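# Structural overview
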Amino acid sequence: MLDSLYILDGRVSGVKVSFDTENARDTLYRVAIDFVLNHCESTANQSAFVLIGGEEAQNFIAGLADNVGLDNTRAARMVSAAVAARTRSRFLQAWALEMQGNHSEAAVELFKICVIHQIFPPEEFSPEMEMVARGLEKHLKVDQREFLMNTLLRVCGDQSRRSVAEALGLMYSKDNIIHQQENKYT
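Report follows, based on the coordinates. All figures in this text were calculated on a predicted structure; none of them were measured in a lab.

## Observations concerning the side chain of E128
- When you line up the elements, E128 lands in helix α5 (residues 127-139).
- One buried charge, E128, has no salt-bridge partner; the nearest side chain with opposite charge is R77, at 5.8 Å.
- If we skip the residues at most four places from it in the chain, E128 touches R77, S80, A81 and A84.

So, in structure tokens, the structure goes:
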């Protein structure tokens, strides 16, 4: 899998990595993204400024992509996909916790969404957030998604309003194809 991997301190000494296959490189990068997202969720306090080894999370993950020879477009797509997957799973978990009466735990799950969207903001009308919305529409009714949106806004404020409304399918698409309801969340 790895021919060589020398990681002492990515900022000071540099990193030298070579892989037998692109799949091995991509797998390492996906694991790193997961680590970064976990770290951001566990250490952030509603700030888009999270450090990993003395570097901002965005710079760390971008630098790693460069160090392992991953194309910027492919790396960005992988980060976007990971953020979308986290967003979907956190919303579903928050709703499950709400249904169990664990309101404070549900709020923690919603806060994690805010943190991730602040640090790695999804592009407006991204295909990833559209997929999240379509998936959530299958599991949650409009009023349930509105409840999650309103709860999230109470927990986090307005910082991630647009991306979260998109993820919940509570806004119009840029081409006005989606006509679920008024655009009251953006």
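Structure shown, so let's carry the discussion forward.
## Regarding the layout of surface pockets
- In this structure, the largest pocket occupies an estimated 430 Å³ of space.
- In this structure, the largest pocket is lined by 21 residues; those nearest its centre are A76, V79, S80, P121 and E123.
- Elements with a contribution of two residues or more to the lining of the largest pocket: α2 (57-67), α3 (72-99) and α5.
- The element best represented in the lining of the largest pocket is α3, accounting for six residues.

## A word on the nonpolar core
- Counting residues in each nonpolar core, the largest one holds 50 residues, and the members touching the most others are Y29, I33, C40, I61, F91, F120 and L152.
- Counting residues per element, the ones that place at least two in this core are α1 (22-43), α2, α3, α4 (103-119), α5, α6 (142-156) and α7 (161-167).
- Here this core takes 10 residues from α3, the largest share from any one element.
- Look past the residues within four positions of I61 in its chain and what remains in contact with it is Y29, A32, I33, V36, V79 and F120.

## Digging into the packing of α4 against α6
- Here α4 crosses α6 at 75 degrees, and the two axes come no closer than 9 Å. Relative to α6, α4 is oriented roughly perpendicular. Facing A107, L110, F111, I113 and C114 of α4, the residues of α6 in contact are L148, T151, L152, V155 and C156.

## Focus on the side chain of T87
- Residue placement: T87 occurs in helix α3.
- A relative accessible area of 1% means that T87 is categorised as buried.
- With near-sequence residues (within four places) excluded, T87 lies in contact with I113, H117, M129, V132 and A167.

## Focus: the packing of α3 against α4
- One can describe the packing of α3 onto α4 by two numbers: an axis separation of 8 Å at closest approach and a directional angle of 165 degrees. By the angle class used here, α3 and α4 are roughly antiparallel. As α3 runs across α4, the sense of the crossing is left-handed. Of α4, the residues touching α3 (which contributes V83, T87, R90, F91, Q93, A94, L97 and E98) are H103, E105, A106, E109, L110, K112, I113, I116 and H117.
- Its residues assigned to classes, the contact of α3 with α4 shows eight nonpolar, four polar and five charged.

Cut-off values and rules
Along each chain, the written sequence defines residue order, and numbers are assigned to residues from 1. Where totals are concerned, whole chains, interfaces and linings use all residues; where local detail is concerned, this predicted model gives features only for residues with pLDDT of at least 70, and gives and counts side-chain atom pairs only at 80 or more. Only heavy atoms go into the side-chain values, all of them from the structure, while hydrogens and water stay out. A run of H or I in DSSP counts as a helix once it spans at least four residues, and a run of E counts as a strand once it spans at least two, with each numbered from the N terminus. Relative accessible area decides the class of each residue, using a 1.4 Å probe on protein chains only: under 20% of the type maximum gives buried, over 50% gives exposed, and in between gives partly exposed. Here the positive residues are Lys and Arg and the negative ones are Asp and Glu; neither His nor the chain ends is included. A pairing counts as a salt bridge when a side-chain nitrogen of Lys or Arg comes within 4 Å of a carboxyl oxygen of Asp or Glu. Throughout, a residue-residue contact means that at least one pair of heavy atoms, one from each residue, lies within 4.5 Å. Cavities and pockets were defined on a 1 Å grid built over protein atoms only: a cavity is a set of grid points that admits a 1.4 Å probe from which the probe cannot escape, a pocket is an open set flanked by protein on both sides within 12 Å along at least five of seven lines, and lining residues are those with an atom within 4 Å of any such point. Grid points are joined across faces, edges and corners, and a volume is the space filled by probe spheres set on the points. Buried Ala, Val, Leu, Ile, Met, Phe, Trp, Tyr and Cys residues that are joined via side-chain atoms within 4.5 Å together make up what is termed a nonpolar core. Under this scheme, a helix contributes an axis fitted over its contacting stretch, all axes are lines through C-alpha atoms, and angles between N-to-C directions fall in the 0 to 180 degree range. An angle below 35 degrees is treated as roughly parallel, one above 145 as roughly antiparallel, one from 65 to 115 as roughly perpendicular, and anything else as oblique. In this scheme the handedness of a crossing depends on how the near helix is turned from the far one: anticlockwise by less than a right angle means left-handed, clockwise means right-handed. Classification convention: Asp, Glu, Lys, Arg as charged; Ala, Val, Leu, Ile, Met, Phe, Trp, Tyr, Cys, Pro as nonpolar; all other residues, Gly among them, as polar.

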